[in-house]
Amino acid sequence: MKFNFYALRAIYLHEMDRFRRTLLQSLFSPVLSTSLYFIVFGSVIGDFVQKIDGISYGSYIVPGLLMLTLLTQSISNTSFGIFFPKFNGTIYEILAAPISTFEIVLAFVGAGATKTLLVGAVIFVTSLFFTEVRVEYPILMIFLLLLVSFTFALFGFLIGVLSSNFEQMSIIPTLVITPMVFLGGSLYSLDMLPPFWQTVTYFNPVVYLINGLRFAFYGVSDFNIWISITTMILFLIICVTLVTMILKKGYNIKN
Amino acid sequence: MSENQITINNLSKVYENGFSALKNINLKIKKGEIFAMLGPNGAGKTTLINIICGIVTPSSGNVTIDGFDIIKNYRETRSKIGLVPQELTLEQFETVFNNVSYSRGLYGKSPNPKHVEKILKDIYLWDKKDLRLRQLSGGMKRRVLIAKALSHEPSILFLDEPTAGVDVELRKEMWNVVETLRKTGVTIILTTHYIEEAEAIADRVGVINQGEIIVVDEKTELIKKMGQKKLLIELHEEIRTMPENLSIFNLSIGHDNRSLIYTYNVKSEKTGITDLLQKIKDSGLKLKDLKTEQATLEKIFVSLVRESNEI
């Protein structure tokens, strides 16, 4: 057996089945909360805000809100996916199976990213009901959505492996990712900030992700698109390296 | 049944907190046998099983299965093993059928609903196949764990305390399952606290204490070699005091005052039974009946562990 395809398939389908069983929480809840942003910031307040780079405010915030969902969902889906078997003890079965570390990661991250992309697709379609959305570079958009979903699903896997309880698992998405997205230009352009805060924002990596997606949508960005892509790939490399190192040591799982 | 299937060489495990769970274990398990591992809580039984199955990384030493190293050739070794863990660790919100099918997939086997159906029928779970795990009783969940372990047709089955907390009827049923598996050539290694379980179904017994194997032997040999036997001598008349000529035998008088109890070791060359019977005759006591009672594995186990703790 060179590659355990059936194990990969089993974990992937098992995770997707959990998604299906909990649709209310896993799909409806993020779609509803993002729709509320569209209604409040886009339709209600948006009419009183001037256009940014020639785009109405309601349309301008769509990529940022989509990115917020992608990041939080991909992290929480995958971190929960690997943490839950650790929590209830069923991880023994995965550890005892003839499956490589790479296959385990691929299955969980693949399922986490798929769930995220499904949620993202529904949110994208929902946004069309509230505001005018156009996609200038659809292939770039799909590439960025895939890249972000897989990268942050991998990051979520890392959090799930390192966490020893539910509290630790929610710290990063709640206390780190959400503020980074909100302060990373999801609802405004960096030009609107005073110079000092603009400089501070440059240290927030999420800024580059949001701007990359906004470029794919409307062709406008605070940065060159290659800076965004490079940032994402760098983060992906960091996540892959950390996951490989930690799983090789068996950290928090095998000992 | 003589070919060794599992070979454990100088295996040790020291956990990160410094606890030494296994100390230089050497053991060989034969193909097709039922091997029972006895030991008190914390003796290292589960750690040993978990290392062989790949759940815990050993600190030193090696284990081979059919000649394959469990670390270098983990795909070959793990696909041969089925594990029934001690805890009832199951995905509570999943159905029985899906749970078992999931395990089969993990072990690299293509979906085979017919095989899953056969297993579920064999262990009387077929009528529960669509129930979610949280709807099952503890005994039923234990059966699901067995079904999961058998889902990929393993040639080695580890049963870590398989009948802990199950009723007598289910325990007997499980023994039947084990017996059926043995007939198909599956090697079975079980850990248990129920000595009667080891006595009823095992071919060989190993006793482990404080991370060390104290003894490994054929079950019957172990009982024969190490066990003490009791000779119960029933008398026609009542006896209140021990006749003087019998004092050298360390006899005791039974509760009914109509019997004498003689304890002897079957390992000794001379049991002293002939002398004893002659002396009883000399003392004028009349024999009614003679019975012997073999020491149980439980007594042997307790004495072995006690001896090992004293060292």
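Residues numbered from 1 in each chain as written. Chains lettered and ligands numbered in written order. Predicted model: local features only at pLDDT ≥ 70, side-chain atom pairs only at ≥ 80, totals over all residues. Heavy atoms only, no water.

## With respect to the overall build of chain B
When helices and strands are counted, chain B shows ten helices and 14 strands. Taken along its principal axes, the extent of the C-alpha atoms in chain B is 75 × 45 × 35 Å. In chain B, buried positions account for 50% of the 311 residues. Pairs at least 24 apart in sequence give 71% of the contacts found in chain B among residues at least 6 apart. Carbon and sulfur atoms form 48% of the exposed surface of chain B, whose accessible area is close to 14,900 Å². (Helix = DSSP H or I, 4+ residues; strand = E, 2+ residues; numbered from the N terminus. Buried < 20%, exposed > 50% of the residue type's maximum accessible area, 1.4 Å probe, protein only. Contact = heavy atoms within 4.5 Å. Areas by Shrake-Rupley, 256 points an atom, 1.4 Å probe, with all protein chains shown as cover.)

## Some words on the side chain of Ser100 of chain A
Locating Ser100 of chain A in the fold gives a position in the loop between helix H5 (91–96) and helix H6 (101–130). Among the residues examined, Ser100 of chain A registers a relative accessible area of 12% and is labelled buried. Once residues within four sequence positions are removed from consideration, Ser100 of chain A is found in contact with Tyr74 and Arg75 of chain B.

## Things to note about the pattern of salt bridges
As a working rule, side chains carrying opposite charge can pair if their charged atoms are close by. Summed over the entire model, instances satisfying the criterion amount to 23 salt bridges over all chains. Across the pair Glu103 of chain A and Arg75 of chain B runs a salt bridge whose closest N-O atoms are separated by 2.8 Å. Placement of Glu103 of chain A in helix H6 and of Arg75 of chain B in helix H2 (residues 74–78) is noted, with the two residues assigned to different chains. Comparing Glu103 of chain A with Arg75 of chain B shows no difference in burial state: the two are buried. The partner of Asp122 of chain B in a salt bridge is Lys118 of chain B, and the shortest N-O contact between them spans 2.8 Å. Of this pair, Asp122 of chain B and Lys118 of chain B both sit in helix H4 (residues 113–122), four residues apart, which is roughly one turn of that helix. Each of Glu15, Arg18 and Lys115 of chain A together with Glu91 of chain B takes part in a single network of salt bridges with overlapping partners. (Salt bridge = Lys/Arg side-chain N within 4 Å of Asp/Glu carboxyl O.)

## Let's talk about the environment of Arg134 of chain A
Residue and element names in this part refer to chain A. Relative to the helices and strands, Arg134 resides in the loop between H6 and helix H7 (138–162). Taking C-alpha positions, Arg134 is 23 Å from Ile227, a pair spaced 93 residues apart along the chain. Those residues within four positions of Arg134 in sequence are excluded, and the remaining contacts are Phe217 and Tyr218. Only 3.0 Å separates the side chain of Arg134 from the side chain of Glu136, close enough to count as a polar contact. Within the structure, Arg134 has its side chain in polar contact with the backbone oxygen of Tyr218 (distance 3.4 Å). (Polar contact = N/O pair within 3.5 Å; in protein donor to acceptor, adjacent residues only side chain to side chain.)

## Some remarks on the nonpolar core
Residues Leu71 and Phe157 of chain A together with Ile6, Ile8, Leu157, Phe158 and Ile188 of chain B are the most contacted members of the largest nonpolar core, which totals 158 residues. In terms of residue count, the dominant contributor to this core is H7 of chain A (14 residues). Once residues within four sequence positions are removed from consideration, Ile8 of chain B is found in contact with Ile25, Asn26, Leu27, Leu48, Ile52, Asn62 and Val63 of chain B. Counting residues in hydrophobic clusters, the runner-up holds 13 residues, among them Leu231, Phe249, Leu276 and Ile280 of chain B. (Core = buried A, V, L, I, M, F, W, Y, C linked by side-chain atoms within 4.5 Å.)

## Section: the domain arrangement of chain B
Accessible area lost on assembly of the parts is the figure often given for the size of an interface. According to the domain assignment, chain B consists of domain 1 (4–224) and domain 2 (228–294). The C-alpha-based centres of domain 1 of chain B and domain 2 of chain B are spaced at 45 Å. (Domains from an automatic or database assignment.)

## Structural notes on helix H3 (residues 96–106) of chain B
All names here are of chain B. Taking burial as the measure, the eleven residues of H3 include nine buried ones, the bulk of the element. Those residues of H3 lying buried are Val96, Phe97, Asn99, Val100, Tyr102, Ser103, Arg104, Gly105 and Leu106. Count one or two residues on from H3 and you reach Gly108, which has phi positive near 80°.

## A closer look at the pairing of strand E7 (residues 156–160) of chain B
Residues and elements named next belong to chain B. With five of five residues buried, E7 lies mostly within the body of the structure. Across the two faces of E7 the burial is the same, with Ile156, Phe158 and Asp160 and Leu157 and Leu159 all buried. Two strands pair when backbone bridges link them, and E7 and strand E8 (residues 187–192) are joined in this way by five bridges, in the parallel orientation. Paired with Leu159 across the two strands is Leu190, which belongs to E8. Crossover E7 to E8 through helix H6 (residues 168–183) is right-handed. (Pairing = 2+ DSSP bridges. Right-handed = clockwise from strand over helix to strand, strands pointing away.)

## Here's the deal with the sheet that holds strand E12 (residues 252–253) of chain B
Residue and element names in this part refer to chain B. Strand order in the open sheet made by the four strands is E12-E13-E11-E14, with antiparallel pairing throughout. Of all strands in the sheet, those bounded by a partner on one side alone are E12 and strand E14 (287–294). When strand E11 (residues 228–235) meets strand E13 (residues 259–265), the two strands line up antiparallel, connected through seven bridges. Directly across from Gln228, in E13, lies its bridge partner Asn265.

## Focus: the environment of Leu159 of chain B
Residues and elements named next belong to chain B. Position of Leu159 relative to the elements: it lies in strand E7. With a relative accessible area of 3%, Leu159 lands in the buried category. With 74 residues separating them in the primary sequence, Leu159 and Pro85 have C-alpha atoms 6.6 Å apart. Excluding anything up to four places from it in sequence, Leu159 contacts Val84, Val178, Ile188, Ile189, Leu190 and Thr191.

## Some points on the interface of chain A and chain B
Counting residues at the interface gives 29 residues for chain A, matched by 32 residues for chain B. Both faces considered, chain A and chain B share a buried interface measuring about 2,700 Å² in area, 53% of it formed by carbon and sulfur atoms. For Arg21 of chain A, the salt bridge goes to Glu94 of chain B, with nearest N and O atoms at 3.1 Å. In this assembly, chain A and chain B are joined by twelve residue pairs in polar contact (both at pLDDT 80 or more). Broken down by secondary-structure element, the contributors of at least two residues to the side of chain A that touches chain B are helix H1 (5–21), helix H4 (62–88) and H5 of chain A. When residues of the side of chain A that touches chain B are assigned to their parent elements, the largest contribution, nine residues, is made by H1 of chain A. (Buried area = accessible area lost by both parts, 1.4 Å probe.)

## As for the side chain of His152 of chain B
Residues and elements named next belong to chain B. Residue position: His152 is located in the loop between helix H5 (138–150) and E7. For His152, a relative accessible area of 1% corresponds to the buried category. Separated by 2.7 Å, the side chain of His152 and the backbone oxygen of Ile81 make a polar contact. With sequence-adjacent residues up to four places away left out, His152 is seen in contact with Arg78, Ser79, Ile81, Gly82, Arg104, Tyr107 and Lys109.

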